[in-house]
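Geometric and topological summary
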Amino acid sequence: MNFVILISYYFVLLLSLIGYGYCFSKICLINLNRYNFSVLGILGIIFLTFISYLTNLFVSHNFAHNIIVHIVGISIFIFLFRKKLFCTKKFLKFITILFTIFCLCLLAKAHDDFGWYHLPYTLNISQNKFQFGLGTFNHGFKTPSSLFYTNSLFYLPGINYFSFNFTQLFIFSFSIIYFFKKILTSYKNNNVIFFFSTFSLIFVSIVFYRLGEHGTDRSGQILLFIIITLIIEFIYSNKINYKKLYLILILGAYIITIKTYFVIYTLLLLPLIFYIRNDFQVYQKILKSRVVVFILCLLPLSLLTQFASTGCFLFPLKFSCHLGLDWSLNE
């Protein structure tokens, strides 16, 4: 693939992600700093994942579908940029860092499972609408991931399936910038956040820098570092910070869609429950929030893909399976 085409699409899709991320933050009433491009980018990925799940029920993610989706995202970004809601200087710094990370990540080959089921599964979403019984093809098709659905939206003319690792690359890049900013803003005020952010930046940069090692696990693991950072900030803030609380819930729900076994990390909510304790007004506000409504829309769509592939809502847990269906796996 021509490098110029690849990098051009990468940055065009970045604008779409930022546009959708800003729109999503406003829909869910999360008052983010408009210069926090890394978090806006992650929220954009999550919102596009929801769009991908929803639209694939009715249509395939072909060129026409994906062009329309990204024209909307880019239009939102251009509108916000013209309204001077984004700082040009800070955004140029942001894309400069992303360009550097992008070039370094090109040195690695694709994950070993890419040709086995990542590529076929994602390409199938691009060519066909929602299907049942895909889990009978091979073991990889029994474990669908939201990463496949998001990557299917990057199937565009001129780049085709060469963008099917972009979601993992965006998550990796956004996290690097996120932790770097946390280090710069916390080194004078909070030693715990500073040291954990430094550790996270070093660990992610050294262990996860090879894009070829990013299957469907690494992206979720990277986001777990961000969730833990937010939990530490929430507890040390000595007040109920709903913005951080909403981000924790959204990211937590999203990583479950990446790999269902990440559901075990809901145990990370225990420190938050212990911190809030019996303040029922907080729980009431959370339950009535738009964030919870979004999560209750996203998770069932993710579970539906599991059920359609295997007959199980949480494969391979037997109690979640319906073995009598035509497309169900055998016991």
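See the structure shown above.
Right, let's walk through the structure included here. (Residues numbered from 1 in each chain as written. Predicted model: local features only at pLDDT ≥ 70, side-chain atom pairs only at ≥ 80, totals over all residues. Heavy atoms only, no water.)

Some details on a positive patch on the surface
- Positive charge collects at one region of the surface, where Lys-89, Lys-90, Lys-93 and Lys-181 lie side by side.
- The dominant element in the positive patch, judged by the number of residues it contributes, is helix H4 (residues 88–105), at three residues.
- What makes Lys-181 partly exposed here is its relative accessible area of 34%. (Patch = residues over 30% accessible without salt bridge, like charges linked within 9 Å, V, L, I, M, F, W, Y side chains within 5 Å. Areas by Shrake-Rupley, 256 points an atom, 1.4 Å probe, with all protein chains shown as cover. Salt bridge = Lys/Arg side-chain N within 4 Å of Asp/Glu carboxyl O. Lys, Arg positive; Asp, Glu negative; His and termini not counted. Charge placed at Lys NZ, Arg CZ, Asp CG, Glu CD. Helix = DSSP H or I, 4+ residues; strand = E, 2+ residues; numbered from the N terminus. Buried < 20%, exposed > 50% of the residue type's maximum accessible area, 1.4 Å probe, protein only.)

A short note on the layout of surface pockets
- Space inside the largest pocket adds up to approximately 490 Å³.
- Taken together, 23 residues line the largest pocket, and the ones lying closest to its centre are Ile-248, Leu-249, Thr-266, Leu-269 and Ile-295.
- Among the elements of the structure, helix H9 (218–236), helix H10 (242–258), helix H11 (270–276), helix H12 (280–287) and helix H13 (290–310) are those that each provide at least two residues to the lining of the largest pocket.
- With seven residues, the single largest contributor to the lining of the largest pocket is H10.
- In terms of residue class, the lining of the largest pocket is built from 21 nonpolar, two polar and no charged. (1 Å grid on protein atoms, 1.4 Å probe; cavity = no way out; pocket = protein on both sides within 12 Å on 5 of 7 lines; lining within 4 Å. Points joined across faces, edges and corners; volume = space filled by probe spheres on them. Nonpolar A, V, L, I, M, F, W, Y, C, P; charged D, E, K, R; others polar.)

Re the packing of aromatic side chains
- Tallying each qualifying case throughout the model produces 40 aromatic pairs.
- Residues Phe-196 and Phe-199 carry aromatic rings whose centres are separated by 6.3 Å and whose planes lie at 45° to one another, so their mutual orientation is tilted. Of this pair, Phe-196 and Phe-199 both sit in helix H8 (residues 191–207), separated by three residues, roughly a single helical turn.
- With centroids separated by 5.7 Å and ring planes inclined at 35°, the aromatic side chains of Phe-262 and Tyr-265 adopt a geometry described as tilted. (Phe/Tyr/Trp six-rings, centres within 6.5 Å; stacked < 30°, edge-to-face > 60°.)

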